[in-house]
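Coordinate analysis (summary)
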Amino acid sequence: MARSLQFAPVTSPINDIPDTPPEDTPGEKPTGEAHPLHRRLKSFVRRAGRTTDGQARAYEQFGPRFLLPYNPAPLDFESAFGRKAPTILEIGFGMGEATAHIAALLPEKNFLCCEVHEPGVGALLKRIGEQNLQNIRICAHDAVDVLDHMLPPATLAGVHVFFPDPWHKKRHNKRRLIQGPLVRKLADRLAPGGYLHCATDWQPYAEQMLEVLSQEPLLRNTAQDYAPKPSYRPLTKFENRGLKLGHGVWDLVFERV
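Residues numbered from 1 in each chain as written. Predicted model: local features only at pLDDT ≥ 70, side-chain atom pairs only at ≥ 80, totals over all residues. Heavy atoms only, no water.

**Structural notes on the overall build of the protein**
Scanning the protein from N- to C-terminus turns up 9 helices and 9 strands. Considering the protein as a whole, with its 257 residues, one finds that 53% of them fall into the buried category. The contacts in the protein between residues at least 6 apart in sequence include a share of 82% that link residues at least 24 apart. Of the roughly 12,000 Å² of accessible surface on the protein, a fraction of 52% belongs to carbon and sulfur atoms. (Helix = DSSP H or I, 4+ residues; strand = E, 2+ residues; numbered from the N terminus. Buried < 20%, exposed > 50% of the residue type's maximum accessible area, 1.4 Å probe, protein only. Contact = heavy atoms within 4.5 Å. Areas by Shrake-Rupley, 256 points an atom, 1.4 Å probe, with all protein chains shown as cover.)

Right, here's the structure in full:
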């Protein structure tokens, strides 16, 4: 059994990114080089893909418990997770490998994970079942809508954005996720002392991230420029492959002031 994919995340691994941008949503075709941020801020682009039988079974078995429906109203964290605990937002978790690792490593934290890539959601649900993880909830919806309508200010302990689509070509740079408008939303939802952790394996994007994050007055850099990789973030198979090829990886960790 396979299921067609409707959307996919901006967090595709660097080596799997196509050179050409995806088609725009019908009726929303931009003019010139207009970026989706200028039409409507959103956290994903269309991608092709299919779910596996195992992912489809995970939807059926674990979806009712761990999928959190999008609802344009402030989220009751304690009700959603069944407990009161610091909550980390993750935007675009890909196939969920790092997410499951971190959630298992930090059982005292709640993880609210936004992803619209159906195979990725199915893969993380499968990992949740295999590892008996209880501290993850998945909202299979655009993270910007979740930020705007479900997450009140100063409610998050942290935000993870790992390996977002770098949009290599200069004319596509404006499509990148980490830009001022989104960073302001993220900073506003962080509680004082909360952190925003971004990681990328594309140096020009790392440089842009550093510039954009440094310009946000609600945030301060925890390092002089790039941070050492925090111990909780694992090396993914794509990252390991890139490191073997001599690619660099850059982590940025900023705190809410």
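**Description of the sheet that holds strand β7 (residues 190-200)**
Strand order in the open sheet made by the 7 strands is β5-β4-β3-β6-β7-β9-β8, with mixed pairing throughout. In the strand order of this sheet, the two ends are held by β5 (136-139) and β8 (219-221), each with one partner. Geometrically, the sheet is characterised by an average inter-axis angle of 20° between neighbouring strands, direction not taken into account. (Pairing = 2+ DSSP bridges. Axes fitted to C-alpha atoms, helices over the stretch in contact; angles between N-to-C directions.)

**Thoughts on the pairing of β7**
The buried fraction of β7 is high, at 8 of 11 residues. Note: strand β6 (residues 156-162) against β7, 6 bridges, orientation parallel. The partner of L156 across the bridge, within β7, is L190. Here β7 runs beside strand β9 (residues 250-256); their pairing, made up of 6 bridges, is antiparallel. Pairing of T200 across the sheet is with W250, part of β9.

**Some details on the pattern of salt bridges**
Side chains that differ in sign of charge can pair as their charged atoms come close. For the structure shown, the criterion picks out 7 salt bridges. Salt-bridge contacts for E130 lead to K126; the nearest nitrogen and oxygen are separated by 2.6 Å. In this pair, E130 and K126 are both assigned in helix α5 (residues 118-131), 4 residues apart and thus about one turn of the helix distant. For E130, a relative accessible area of 54% gives the class exposed. Taking the shortest distance from any N to any O, the salt bridge between D251 and R233 comes out at 2.8 Å. Placement of D251 in strand β9 and of R233 in the loop between β8 and α9 (237-244) is noted, with a sequence separation of 18 residues between them. By sharing partners, the salt bridges in this structure join R233, E239 and D251 into a single network. (Salt bridge = Lys/Arg side-chain N within 4 Å of Asp/Glu carboxyl O.)

**A few points about α5**
With 14 residues, α5 ought to run about 20 Å at 1.5 Å a step, and its terminal C-alpha atoms sit 20 Å apart, in line with that. Buried within α5 are the following residues: E118, P119, G120, V121, G122, A123, L124, L125 and I128. Of the surrounding elements, those touching the buried residues of α5 are α2 (53-66), α4 (97-105) and β5. Positioned one or two residues after α5, N132 has a phi angle of 55°, which is positive. (Expected span 1.5 Å × (residues − 1).)

**Focus on helix α7 (residues 180-189)**
For α7, the full list of buried residues reads L182, V183, L186, A187 and R189. Down the axis of α7, the smallest arc covering the buried residues is 165°, so these residues share one side. (Arc of directions from axis to C-beta.)

**Observations regarding the environment of Y59**
Inspection of the secondary structure assignment puts Y59 in helix α2. Taking the C-alpha atoms as reference, Y59 lies 9.8 Å from P119; in sequence the two are 60 residues apart. Side-chain polar atoms of Y59 contact the backbone oxygen of E118, separated by 2.9 Å. (Polar contact = N/O pair within 3.5 Å; in protein donor to acceptor, adjacent residues only side chain to side chain.)

**Comments concerning the packing of α2 against α5**
Viewed as axis vectors pointing N to C, α2 and α5 meet at an angle of 70°, and their least axial separation amounts to 8 Å. Taken together, α2 and α5 sit at an angle that is classed as roughly perpendicular. Counted together, G54, Q55, A58, Y59, F62, G63 and F66 of α2 and E118, P119, V121, G122, A123, L125, K126, I128 and G129 of α5 form the full contact between these two elements. In the contact of α2 with α5, the residues fall into 9 nonpolar, 5 polar and 2 charged. (Parallel < 35°, antiparallel > 145°, perpendicular 65-115°, else oblique. Nonpolar A, V, L, I, M, F, W, Y, C, P; charged D, E, K, R; others polar.)

**Things to note about the packing of α4 against α5**
For any two helices packed against each other, the geometry comes down to the angle between their axes and how far apart the axes lie. In the contact formed by α4 and α5, the axes pass within 9 Å of each other and the chain directions differ by 35°. Handedness of the α4/α5 crossing: right-handed. Residues E97, T99, A100 and A104 of α4 form the contact with α5, whose own contacting residues are L124, R127 and Q131. In the contact of α4 with α5, the residues fall into 3 nonpolar, 2 polar and 2 charged. (Left-handed = near helix turned anticlockwise from the far one by under 90°.)

**What about the pairing of strand β4 (residues 110-114)?**
Where burial is concerned, most of β4 is hidden: 5 out of the 5 residues are buried. Sheet topology note: the strand β3 (residues 87-91)/β4 ladder contains 5 bridges and is parallel. Of the residues in β4, the one forming a bridge with I91 is C114. Between the parallel elements β3 and β4, the chain passes through α4 in a crossover that is right-handed. (Right-handed = clockwise from strand over helix to strand, strands pointing away.)

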